[in-house]
Amino acid sequence: MPDQVINEIREALVLARSQFEYLSDLGIETQTTEFHDGSKNHPCIGTYSALQETLDTIRTDLGDCQRCGLAASRTKLVFGVGNPNARLVLVGEAPGREEDLKGEPFVGEAGQLLDRILLAMGMQREDVYLCNVLKCRPPDNRDPNPDEVATCEPFLVRQLAVIRPQVIVGLGRFAVHSLLKTKTPISRLRGEWQRYQGIPLMPTYHPAYLLRNPEAKRDVWEDMKEVLRMLNAEGGG
Ligand code: SF4
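Please read these numbers as outputs of a predicted model, since none were measured by experiment.

Draft legend 1. Expanded view of the environment of G63. Here G63 shows up in the loop between helix 3 (55-62) and strand 3 (81-82). The exposure class assigned to G63 is exposed, which follows from the 9 C-beta atoms found within 10 Å. Distance in space between the C-alpha atoms of G63 and L77 is 9.2 Å, their sequence separation being 14 residues.

Draft legend 2. Summary view of the sheet that holds strand 4 (residues 88-92). Sheet architecture is open: six strands sit in the order 3-5-4-6-8-7, paired in mixed fashion. This sheet does not close on itself; its edge strands, each paired only once, are strand 3 and strand 7 (194-196). Relative to strand 5 (residues 129-132), strand 3 runs antiparallel, the two being bridged by two bridges. Each bridged residue has a counterpart across the sheet, and for G82 the counterpart in strand 5 is Y129.

Draft legend 3. Highlighting the nonpolar core. Among the nonpolar cores identified, the biggest contains 41 residues, and L88, V89, L90, V91, V128, V133 and V169 are the most heavily contacted of them. Sorting elements by how many residues they give to this core places helix 6 (residues 146-163) first, with five residues. Sequence-distant contacts of V91, that is, excluding residues within four places in its chain, are made with C131, N132, V133, L156, I168, G170, L171, A175 and L179.

Draft legend 4. Quick look at the pairing of strand 5. Alternating residues of strand 5 divide into Y129 and C131 and L130 and N132, and every residue in both groups is buried. Relative to strand 5, strand 4 runs parallel, the two sharing four bridges. Directly across from L90, in strand 5, lies its bridge partner L130.

Rules and cut-offs
Residues numbered from 1 in each chain as written. Predicted model: local features only at pLDDT ≥ 70, side-chain atom pairs only at ≥ 80, totals over all residues. Helix = DSSP H or I, 4+ residues; strand = E, 2+ residues; numbered from the N terminus. Buried ≥ 20, exposed ≤ 12 C-beta atoms within 10 Å, placed from the backbone. Pairing = 2+ DSSP bridges. Core = buried A, V, L, I, M, F, W, Y, C linked by C-beta atoms within 7 Å. Contact = placed C-beta atoms within 7 Å.

Here's what the structure looks like:
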């Protein structure tokens, strides 16, 4: 089959799948197909499975990403780590110095504090998935620019769509504002359930903030207890 035809089929399948998911999000049931063996399936899903996105395909797509200016100053791109089937995903802002050197999120002092928080919840970092809105470190840890967020955030959206966790924790003002498209101060948002693409999202403080403001650890623990309650309510707790 000529390459052009294969590409056209591929694009049609991707379009059909995104339309199906969009309708599902709206709660609209789409037509199913009955196969010879009596099983039912959505017309495009079975065919699409060969093309289905995974975290690996997203990472491959990023490659040696040069899509925004942060590529010039990074040491390593920090994609994300953890369980690809995690029930809980924690999203931070961007890699810091140590993360940039190691290529892994939350490995510095703040990361160690996050590990202790997870341990208190009865989890280890292998149980959850950790990532950031930005995959590359902004110089001197400055706030990412809007164009950098606009360029990089689609990859986070795809990661969350693949993992489809039961709960998301937004760590810190920047991540929460990016995910929820709001400017409400994190001090007002934290502790209150929000929704991201239908998934319960708990905003809380970033562990780096806790290093500077240890009195806020109590608030974060209250938020994490809520997260545990929600995970238990969602099943498999
Ligand atoms: S921050 Fe994101 S978009 Fe910019 S270079 Fe890094 S991976 Fe690419």
